[in-house]
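# Survey of secondary and tertiary structure
In case you want the letters, here they are:
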Amino acid sequence: MTLHTLFPASAMQNYLFPTLPYFLTVMWGLFAAGILGNLLGYWKDMNLKLWYFCSFLMCASSLLIVLDTGGIDSSYFLLIYLALILSSLKGSVWFSLTFCILSSMTVYIFSGRWLAIFTEIASLTKILLFPFFAVVSFFVNNAINKPVEDTEKKQNERVEEAYAIARNQVQQKEERELQFFDRNRKLYSLLQLFQKLSVENSRQVIEDGVVYFAREEIKSQISFIAFNTDGRWETPKFLGINEIVANTISKKIQAGIFNKVIKNDEPLNYTATHYHTQGKPEVKPFDSVGISLHNILVVPVKDATGRPPFGILAVSNKLMADKYDRDDIDYLTLLGTQAGITISNMNLYKKLERSYYETILALAQSIEAKDLYTKGHVSRVEQLSVYLCKCLNADQNLTDLVAKAAILHDVGKISIPDHILLKPAPLNDEEFEIMKTHTVNARDILNNITSLPAEATNIVVHHHERYDGKGYPDHLRGAAIPLGAQIIGVTDAYDSMTTDRPYRRALTREEALKRLEEGSGTQFSPYIVDKFIDNIGKVKDIEALPHYFEDKYS
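Values in this document were obtained by computation on a predicted structure and should not be read as measured data. (Residues numbered from 1 in each chain as written. Predicted model: local features only at pLDDT ≥ 70, side-chain atom pairs only at ≥ 80, totals over all residues. Heavy atoms only, no water.)

## Here we look at the sheet that holds strand S3 (residues 268-271)
Read from one edge to the other, the open sheet built from five strands follows the order S2-S1-S7-S6-S3, with strand pairing classed as antiparallel. Each having just a single partner strand, strand S2 (232-239) and S3 make up the two edges of the open sheet. In this sheet, neighbouring strand axes are inclined to one another by 20 degrees on average, regardless of whether the strands run parallel or antiparallel. Examined bridge by bridge, strand S1 (residues 220-229) and strand S7 (residues 311-318) share seven bridges and lie antiparallel to one another. Each bridged residue has a counterpart across the sheet, and for Ser223 the counterpart in S7 is Val315. The strands that helix H8 (residues 203-217) touches are S1, S2 and S7; relative to S1, the one it contacts most, it runs at about 145 degrees. (Pairing = 2+ DSSP bridges. Helix = DSSP H or I, 4+ residues; strand = E, 2+ residues; numbered from the N terminus. Axes fitted to C-alpha atoms, helices over the stretch in contact; angles between N-to-C directions. Contact = heavy atoms within 4.5 Å.)

Put into structure tokens, the structure is as follows:
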């Protein structure tokens, strides 16, 4: 049974392709075009969608040619097998398998023989050859396309490997750049800290800055600094722990590690720190006080003299890492060394300052040694002046200048003849003019002391100026008088009035304060007199007031 048997030629053509009068010719043309496109697509590596289109034309036209020329009895039946094989040259094998199933079912249905086909060996063989050629097309597809797929896979793997290498190189470059940037940032911050420490003379400020900087820059939970004073550990500054833990660090648990750092003069870097004692289970540090150290980095604090370290700087529980690396060790070592140098320099400076203070005090007291009535005057003026500075909320720099000037305010009297300096009676006008030269003489003496600030010398020279401009030596008035000189002018006058002199008895406190008040606005600054009167009543014993330099260098 042929397609013409089921559908007359004119009816079939009008039904399928009403515009094509020569149906079979057209199918042969489409079949040839499909084969040509399929072969060209294979050799020229055509786009896969276009290749599928050509394969579809070839398979569909071959099936219609077979159906139109006799169906299962057509002499062109091999065209379907050929299309099946050619369609497997490229693309998915599922295309060939689908065509195999559709073509075998279509031919079988259009044959109209149903079960009778099993008695026709020739026809049954044609139907059964479809799965055989499908298997052949599978092997053809696998033989042709698998090497290509393997090659493409290998190419893809090589491309992916190249991309991975490139990504890794980019990542490493970014990490190096970040590390470089972080190191530069840390070094810049460290230089700023060193610059700040170089002008500091407060040990507390140094300790605060170093401990804070160590924790922030090395990204740790805990940081602290400890010093060994005569075998006793103290932890003056700590962050990330409470005072109980800090005391434990100072007195008990960590003393062994600290002593080891001091003894070996090198950093210690512990990770997952545990301590083992003979016959006892291991114990994590600080568990007894509610905190454990996962890691700890300890470096010595020392100066540049080569002497043994006198303290340690430590950080613990590093954030975002399991242990401290070489950069952390180098960085903390540099910070600890700079802290040690700064503290040592500060201590040396304090010793020099104290020696300087003792020298100028001895110089001032040499003047007092001539006159038993003025013994202790310099010391009391210094105490009162520093106290008045505190009442005035003066800054440390002014207080320091006033303290030095108070000690030296009468140093010029060393050039005054003894018969005038020690006269047991009031001075006459000529003698008083000579006495007034002690302020100018002080300038000549103190200008030779290069370590004494010029401001302190200026205070000494002008401490006998009057607020109304009638003082000496330069007749300065009001705000033109150095503030330190105004302060010493009040305290010097008060102490002179409240101590015995050869020519008069000491005034009472009340009488001395009354005279100060009377001189307010003329001899003395009203503001300073008011502050002095308001606060001197709180002082029971002037000699019990602290000495500025002894308190500073203690």
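## Quick notes on the confidence of the model for the chain
Of the residues in the chain, 82% reach a pLDDT of 70 or more, and the chain-wide mean stands at 80. Across residues 1-20 the pLDDT falls below 50, and counting only partners more than four positions away or on other chains, this stretch makes 29 contacts in the model. (pLDDT = per-residue confidence, 0-100.)

## Thoughts on the pattern of salt bridges
As enumerated under the stated definition, the model contains 17 salt bridges in all. Between Lys237 and Asp208 there is a salt bridge, and its shortest N-O distance comes to 3.6 Å. Of this pair, Lys237 sits in strand S2 while Asp208 sits in helix H8; the two residues are 29 residues apart in sequence, bridging distant segments of the chain. By relative accessible area, Lys237 is classed as partly exposed at 22%. (Salt bridge = Lys/Arg side-chain N within 4 Å of Asp/Glu carboxyl O. Buried < 20%, exposed > 50% of the residue type's maximum accessible area, 1.4 Å probe, protein only.)

## Re helix H5 (residues 78-86)
With seven of nine residues buried, H5 lies mostly within the body of the structure. Inspection of H5 places Leu79, Ile80, Tyr81, Ala83, Leu84, Ile85 and Leu86 among the buried residues, and these make up the whole buried set.

## Focus on unusual backbone geometry
Along the chain, Tyr472 connects to Pro473 via a cis peptide bond; the corresponding omega equals 15 degrees. Relative to the elements of secondary structure, Pro473 occurs in the loop between helix H16 (454-461) and helix H17 (483-497). Unusually for a residue other than glycine, Lys219 sits at a positive phi of about 55 degrees. Within the element layout of this structure, Lys219 appears in the loop between H8 and S1. Since its relative accessible area comes to 38%, Lys219 is described here as partly exposed. The phi torsion at Asn317 lies on the positive side, around 55 degrees, for a residue other than glycine. Its location among the elements puts Asn317 in strand S7.

## Things to note about the packing of aromatic side chains
Per the counting criterion, the structure on display carries 13 aromatic pairs. With a centroid separation of 6.2 Å and 85 degrees between ring planes, the pair formed by Trp28 and Phe31 is classed as edge-to-face. Within this pair, Trp28 and its partner Phe31 are both found in helix H3 (residues 23-43), separated by three residues, close to a single helical turn. Judged by relative accessible area, Trp28 falls into the partly exposed class, the value being 30%. Looking at Phe31, the relative accessible area reads 5%, which means it is buried. Measuring from centroid to centroid gives 5.6 Å for Phe77 and Tyr81, while their planes differ by 65 degrees, and the two rings are edge-to-face. (Phe/Tyr/Trp six-rings, centres within 6.5 Å; stacked < 30°, edge-to-face > 60°.)

## Observations regarding the packing of helix H13 (residues 396-408) against H17
Two elements in contact, H13 and H17, have axes separated by 10 Å at closest approach and are oriented at 50 degrees. Taken together, H13 and H17 sit at an angle that is classed as oblique. Like other packed secondary-structure pairs, H13 and H17 cross with a definite hand, here right-handed. When H13 is examined against H17, the residues Leu398, Val402, Ala405 and Ala406 are found in contact with a partner set consisting of Leu483, Gly484, Ile487 and Ile488. Residue classes in the contact of H13 with H17 are distributed as seven nonpolar, one polar and no charged. (Parallel < 35°, antiparallel > 145°, perpendicular 65-115°, else oblique. Left-handed = near helix turned anticlockwise from the far one by under 90°. Nonpolar A, V, L, I, M, F, W, Y, C, P; charged D, E, K, R; others polar.)

## With respect to the environment of Val140
In this structure, Val140 sits in helix H7 (residues 121-198). For the pair Val140 and Leu86, spaced 54 residues apart in sequence, the C-alpha separation works out to 9.1 Å. Not counting chain neighbours up to four residues away, the residues in contact with Val140 comprise Ser88 and Leu89.

## What to know about a nonpolar patch on the surface
Taken together, Trp94, Leu97, Ile101, Met105, Ile109, Trp114, Leu115 and Phe118 make up a surface patch of nonpolar side chains, about 910 Å² in accessible area. Its place among the elements puts Ile101 in helix H6 (residues 93-111). On the basis of relative accessible area, Ile101 is assigned to the partly exposed category, the value being 43%. (Patch = residues over 30% accessible without salt bridge, like charges linked within 9 Å, V, L, I, M, F, W, Y side chains within 5 Å. Areas by Shrake-Rupley, 256 points an atom, 1.4 Å probe, with all protein chains shown as cover.)

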